[in-house]
Amino acid sequence: MGILSWIIVGIVAGWLAKMVIPGEGPGGVLGDLLIGVVGAIAGGWIFNAFGHAGATGVNIGSIVVAFVGAVVVLWLMRLFTGPRHTFVR
């Protein structure tokens, strides 16, 4: 899978994961999208570890794999960074 495909699938997966995992991530919306790209890689690794195909291109199966990875990565990031609070005066 080419780098452009990873980026496209990762951005879609990051956006979907942001819809599932509430709250603001450590990098805001852009950070969540970047986490989606990392999640695409993590999802491919997770699925390969269980004997399934990882991300294979820009298709629904790859988006599902990347989404699962993005949810795991985003959940772990928010678990370790804690909730972000914005104080408005």
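Below or above, wherever it landed, is the structure these notes cover. (Residues numbered from 1 in each chain as written. Predicted model: local features only at pLDDT ≥ 70, side-chain atom pairs only at ≥ 80, totals over all residues. Heavy atoms only, no water.)

## Describing the overall build of the protein
Part 1: From N to C terminus, the protein includes 3 helices and 0 strands.
Part 2: The secondary structure elements of the protein, listed N-terminal to C-terminal, are α-α-α.
Part 3: Counting all 89 residues of the protein, 36% fall into the buried class.
Part 4: By sequence separation, contacts in the protein at least 24 residues apart represent 73% of the contacts at least 6 residues apart.
Part 5: If you sum the accessible surface of the protein, you get close to 5,600 Å²; carbon and sulfur atoms cover 74% of it. (Helix = DSSP H or I, 4+ residues; strand = E, 2+ residues; numbered from the N terminus. Buried < 20%, exposed > 50% of the residue type's maximum accessible area, 1.4 Å probe, protein only. Contact = heavy atoms within 4.5 Å. Areas by Shrake-Rupley, 256 points an atom, 1.4 Å probe, with all protein chains shown as cover.)

## A look at the nonpolar core
Part 1: The biggest cluster of nonpolar side chains holds 12 residues, and these are V9, A13, A17, I21, I35, A40, I63, A66, A70, V71, V73 and L74.
Part 2: Contributing elements (two or more residues each) for this core: α1 (3-20), α2 (28-49) and α3 (60-81).
Part 3: For this core, the element with the highest residue contribution is α3, accounting for 6 residues.
Part 4: Once you skip the residues sitting within four places of it in the chain, A66 turns out to touch V9, A13, G39 and A40. (Core = buried A, V, L, I, M, F, W, Y, C linked by side-chain atoms within 4.5 Å.)

## Description of the packing of α1 against α3
Part 1: Here α1 crosses α3 at 50°, and the two axes come no closer than 8 Å. In this view, α1 runs oblique relative to α3, as classed from their interaxial angle. Of the two elements, α1 crosses α3, and the hand of that crossing is right-handed. Counting all contacts with α1, which are made through V9, V12, A13, G14, L16, A17, K18 and V20, the residues of α3 involved are S62, I63, A66, F67, A70, V71 and L74. (Axes fitted to C-alpha atoms, helices over the stretch in contact; angles between N-to-C directions. Parallel < 35°, antiparallel > 145°, perpendicular 65-115°, else oblique. Left-handed = near helix turned anticlockwise from the far one by under 90°.)

## What about a nonpolar patch on the surface?
Part 1: There is a patch of nonpolar side chains on the surface, built from I3, L4, I7, I8, I11, V12 and V58 and spanning about 610 Å² of accessible area.
Part 2: Inspection of the secondary structure puts V12 in helix α1. (Patch = residues over 30% accessible without salt bridge, like charges linked within 9 Å, V, L, I, M, F, W, Y side chains within 5 Å. Salt bridge = Lys/Arg side-chain N within 4 Å of Asp/Glu carboxyl O.)

## What about α3?
Part 1: Spanning 22 residues, α3 covers 31 Å between terminal C-alpha atoms, matching the ideal 32 Å at 1.5 Å per step.
Part 2: Taken as a whole, α3 has its buried residues at S62, I63, V65, A66, G69, A70, V71, V73, L74 and R78. (Expected span 1.5 Å × (residues − 1).)

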